[in-house]
Structure formats: structure tokens, C-alpha cells
Amino acid sequence: MLVDSHCHLNYEGLVEHQQAVLERARAAGVGAFLNISTREREWGDVVATAEREPDVWASIGIHPHEAEQHADLGEGALLAAADHPRVIAIGESGLDYYYDRSERSVQRDLFRTHIAVSRKTGLPLIVHTRDADDDTAQILAEEMEKGAFPALIHCFTASAEFGRKVLDLGLTISISGIVTFKNARELQEFAAEVPENRLLVETDSPFLAPVPHRGKTCEPAFVRNTAEFVAGLRGESVETLAANTTRNFYALFSKATP
């Protein structure tokens, strides 16, 4: 069994035929899904999907692109939403300096708010980081000193140096279909060295379809293509990688039940 540890089932491209999307993924051997939110107005729909589908779980959080629109969001709103039995994660949250759609200081403040909620609830923090390695690593290290919290870097595309820093902090690394792209040589090399107990796979669907589906709307079923590719990089069978990443998912997201 595989787990798609990061997908957006309520986004355009998937939500219109969500049930068929889930059925295709299950037929491909995907046994669980973490449905991610990126803005407060999505929380209700994301949680409703998890209520309806027993193998779908939900996260609640604010993407850094949306930080300025949620600058006044306090811990209370996140804590209240996180209390739902189908919510197993906080995020995605973090820093995105590539697009800079929100003021960087606002992104950093809201990131720390999410970290505080992760620490208080024990729910893992799903971290988005792009072109912000130094600030992301610094904030994670500073916040870990205040008190440990579980976390992962989703859709890892950063440097191996950054990857080793966050592994040293105790984080997990999640690999998306980007690893299958021809120009992802550094990522491919790093994916081969991530410890087997710190590795997850994801689609980030409907984005980032892996080879051989590039150019198509990405679906959770395609996590199998990513898993097969990563297994090849690591010199192991896809069955071994699937078993390890599934175990890692339930160890990290301990509120979820198989």
C-alpha cells in the first residue's frame, strides 16, 4: 500500500470528479490520502471530504501565498479547527520567496503561529518552502529550541545542505513527482540518501504530474510512479519503499488510523 501524503482533492481539476479520482488511486494501490488546505475558507470543504471518505484525512493551515489575507489569524482559529477528529496535520504553512505574494515578514510571523499550534496540539506541521532555505532553517531551529514539534518538508526541492539541516532537526522529507524530471539531478541524489524512516512520497496533485504524465492534471494515483522512481534511485523494490513510507506516514501522523 502507498500513501499520498499531500494532495489537494478539493482543487479545480480534481474536485469536479473527486470520487473517480479516489477510485483510480485506490485501484493503483493508494490506501490513504492527506487532503491539504491552503486558506481558511477551504477548511470546511477539506474536512467534509475527510468525513465522507474513511481513507482521506485533512490538514488545516494557511499557505504563505495567502499570508497577508490571513495576517490576523491567531492560534485560536487553528486550534479550534485542529480539534476535529479527521484533522491530523497543521499546514501547509511556511515561506515562499520565489513568488513573494505576501510580505515576507507576514509570512514569517504566520509560520511561527502555525509552529506554535503544532507544538500545542502535537499535530505535525507541513512546511512549504521555496527560495527561502536560510530563513526556513533558522525559524525551524529557533522554534525547536523553544520546544520540539513534529514536522515535514513537503514537496522537497531545496538543496541537500538544507535537507541535512532539517533532518538533523528531526523533520521528515516528502518527495513529489518533481524527482522524476530530467533536470532534478540534485534532488534525485538527495532522495537516495534520505534515511528510510524519514521519507514520504506525495503528488501535490493537481500539480506536478510525474513522468510519464507530465503536462496532465496530476492525480493521487500517480504517487505510484513517483514511488517506483524513488525506489529505483535507492536500489530497493517499490514494495519496500511503499511499506517504509506507509509506516512513516502513520508514525508521523499518529492521529490517523490505518
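Structural data are supplied above this passage.
The present account deals with the structure reproduced in this document.

Definitions and cut-offs
- Residues numbered from 1 in each chain as written.
- Predicted model: local features only at pLDDT ≥ 70, side-chain atom pairs only at ≥ 80, totals over all residues.
- Heavy atoms only, no water.
- 1 Å grid on protein atoms, 1.4 Å probe; cavity = no way out; pocket = protein on both sides within 12 Å on 5 of 7 lines; lining within 4 Å.
- Points joined across faces, edges and corners; volume = space filled by probe spheres on them.
- Helix = DSSP H or I, 4+ residues; strand = E, 2+ residues; numbered from the N terminus.
- Nonpolar A, V, L, I, M, F, W, Y, C, P; charged D, E, K, R; others polar.
- Salt bridge = Lys/Arg side-chain N within 4 Å of Asp/Glu carboxyl O.
- Buried < 20%, exposed > 50% of the residue type's maximum accessible area, 1.4 Å probe, protein only.
- Pairing = 2+ DSSP bridges.
- Axes fitted to C-alpha atoms, helices over the stretch in contact; angles between N-to-C directions.
- Contact = heavy atoms within 4.5 Å.
- Left-handed = near helix turned anticlockwise from the far one by under 90°.

One number sums up the size of the largest pocket: a volume of about 700 Å³. What lines the largest pocket is a set of 28 residues, among which Asp96, His128, Arg130, Asp204 and Leu208 lie closest to the centre. Contributing elements (two or more residues each) for the lining of the largest pocket: strand 4 (87-96), strand 5 (125-130) and helix 7 (185-191). Of the residues forming the lining of the largest pocket, the biggest block, 3 residues, is contributed by strand 5. Looking at side-chain class alone, the lining of the largest pocket contains 9 nonpolar, 9 polar and 10 charged residues.

Tallied over the full model, the rule gives 15 salt bridges. Arginine 39 is paired through a salt bridge with glutamate 66; the nearest N and O atoms lie 2.8 Å apart. With a gap of 27 residues between them, arginine 39 in the loop between strand 2 (30-35) and helix 2 (43-52) and glutamate 66 in the loop between strand 3 (56-60) and helix 3 (75-82) connect regions that are remote in the sequence. By relative accessible area, arginine 39 is classed as buried at 18%. Its relative accessible area of 16% is what places glutamate 66 among the buried residues. Here the salt bridges do not stand alone but share partners, grouping Arg112, Arg119, Glu142, Glu143 and Lys146 into one network.

Another point: the sheet that holds strand 3. Read across the open sheet, the 8 strands follow the order 1-2-3-4-5-6-7-8; overall the sheet is parallel. At either margin of the open sheet sits one strand with a lone partner, and together these are strand 1 (2-7) and strand 8 (199-201). Taken over all neighbouring pairs, the strand axes of this sheet differ in orientation by 30° on average, direction set aside. The sheet contact formed by strand 4 and strand 5 spans 6 bridges and is parallel. From the neighbouring strand, glycine 91 faces strand 5, where its bridge partner is isoleucine 126. Here helix 2 sits on the sheet and contacts strand 2, strand 3 and strand 4; the angle it forms with strand 3, its principal contact strand, is near 160°.

Before going further, it helps to spend a moment on the packing of helix 4 (residues 104-121) against helix 5 (residues 133-146). For the pair helix 4 and helix 5, the least separation of the axes is 11 Å and the interaxial angle reads 35°. Between helix 4 and helix 5 lies a crossing of right-handed hand. For the pair helix 4 and helix 5, the contacting residues are Arg108, Phe111, Arg112, Ile115 and Arg119 in the first and Asp135, Thr136, Ile139, Leu140, Glu142, Glu143 and Lys146 in the second. Partitioned by chemical class, the residues of the contact of helix 4 with helix 5 number 4 nonpolar, 1 polar and 7 charged.

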